[in-house]
Amino acid sequence: SKLSKLTPEIPILCEEGEKLNIDVSAFWCVDPLDGTKEFIKRNGEFTVNIALIKNNRPIFGVIHVPVSNETYWGLEKKGSYFIDKNSNEIKINVSINPDSPLRIVASRSHPSIELTSCLNKIKNYELITVGSSLKFCLIAKGDADCYPRFGATSEWDTAAGEAIARFAGGTIVDLKNKPLRYNSCAKFINPNFIVSNNITNKEKILSTL
């Protein structure tokens, strides 16, 4: 409702709302509760995701973590930022991390056979598991290097996180090495994808597939 008042001319896509026309050039993409299983488990790893999409790509994203009262946001041509519980704001960037092990972040509640197969081909890695869109935030903040995602995700699960990770210097592509595109299919389902802090680590994951 706040977004509708702020920008009444921009439609809103979310799981609970009406779906968009495929030819909409700009829209808000919202997930009011990302990480339902984490919410039910009461482990604090759930988020609120809000992104602004223009021409099928996120240009602005916000992820808020209600339990810790922390916020991540990213804006095209401005970068990405972290706001702690005391309202201190710092600019964040992906890690260079030239050393091993490769820090791979994965879903706490959605394991996959494909990920296990991928990890078996990488000799030196550290696995970090976390729920919701916080995985994108770990990449953006430099606390992880790669997030390979195998399995269904919806556009409202990834849009805000993609903006924050990309504008912090990261990259996100599908398994054909192509960027994700939003509102380009009727079901709003993403292909499998890889979020990475740099091209080298992205290619390392792709080479295992």
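Everything here concerns the structure above.
Predicted model only: the values in this text are computed from it and were never measured. (Residues numbered from 1 in each chain as written. Predicted model: local features only at pLDDT ≥ 70, side-chain atom pairs only at ≥ 80, totals over all residues. Heavy atoms only, no water.)

Asker: Tell me about the nonpolar core, and please be specific about residues and values.
Answerer: Among the nonpolar cores identified, the biggest contains 35 residues, and Cys29, Tyr72, Val105 and Val195 are the most heavily contacted of them. No other element matches helix H4 (residues 134–141), which puts 6 residues into this core. Setting aside residues up to four positions removed in sequence, valine 195 forms contacts with Phe136, Ile139, Asp145, Cys146, Tyr147, Ala165, Thr171 and Ile172. Listed in part, the 12 residues of the second largest apolar core include Leu119, Cys146, Phe150 and Leu206. (Core = buried A, V, L, I, M, F, W, Y, C linked by side-chain atoms within 4.5 Å. Buried < 20%, exposed > 50% of the residue type's maximum accessible area, 1.4 Å probe, protein only. Helix = DSSP H or I, 4+ residues; strand = E, 2+ residues; numbered from the N terminus. Contact = heavy atoms within 4.5 Å.)

Asker: Explain the layout of surface pockets residue by residue, including any values.
Answerer: Reported here for the largest pocket is a volume of approximately 390 Å³. Lining the largest pocket are 25 residues, and of these Asp34, Gly35, Thr36, His110 and Asp157 lie nearest its centre. Taken together, the residues that form the lining of the largest pocket break down as 5 nonpolar, 11 polar and 9 charged. (1 Å grid on protein atoms, 1.4 Å probe; cavity = no way out; pocket = protein on both sides within 12 Å on 5 of 7 lines; lining within 4 Å. Points joined across faces, edges and corners; volume = space filled by probe spheres on them. Nonpolar A, V, L, I, M, F, W, Y, C, P; charged D, E, K, R; others polar.)

Asker: Describe unusual backbone geometry, with residues and values.
Answerer: The bulk of non-glycine residues show a negative phi, and the bulk of peptide bonds are trans. Backbone geometry at asparagine 177 places phi at a positive 65°, although glycine is not the residue there. Summarising the element assignment, asparagine 177 is placed in the loop between strand E11 (171–174) and strand E12 (193–196). Asparagine 177 sits in the partly exposed class, given a relative accessible area of 33%. The backbone of phenylalanine 188 sits at a positive phi, close to 60°, despite the residue not being glycine. Within the fold, phenylalanine 188 resides in the loop between E11 and E12.

Asker: Give a detailed account of the pairing of strand E2 (residues 26–34), specifying residues and quantitative values.
Answerer: Across 3 bridges, the pairing between strand E1 (residues 12–14) and E2 is parallel. Bridged to leucine 13 within E2 is cysteine 29. Pairing of E2 with strand E3 (residues 47–54), which is carried by 7 bridges, proceeds in the antiparallel orientation. Residue pairing across strands places cysteine 29 opposite alanine 51, the latter belonging to E3. (Pairing = 2+ DSSP bridges.)

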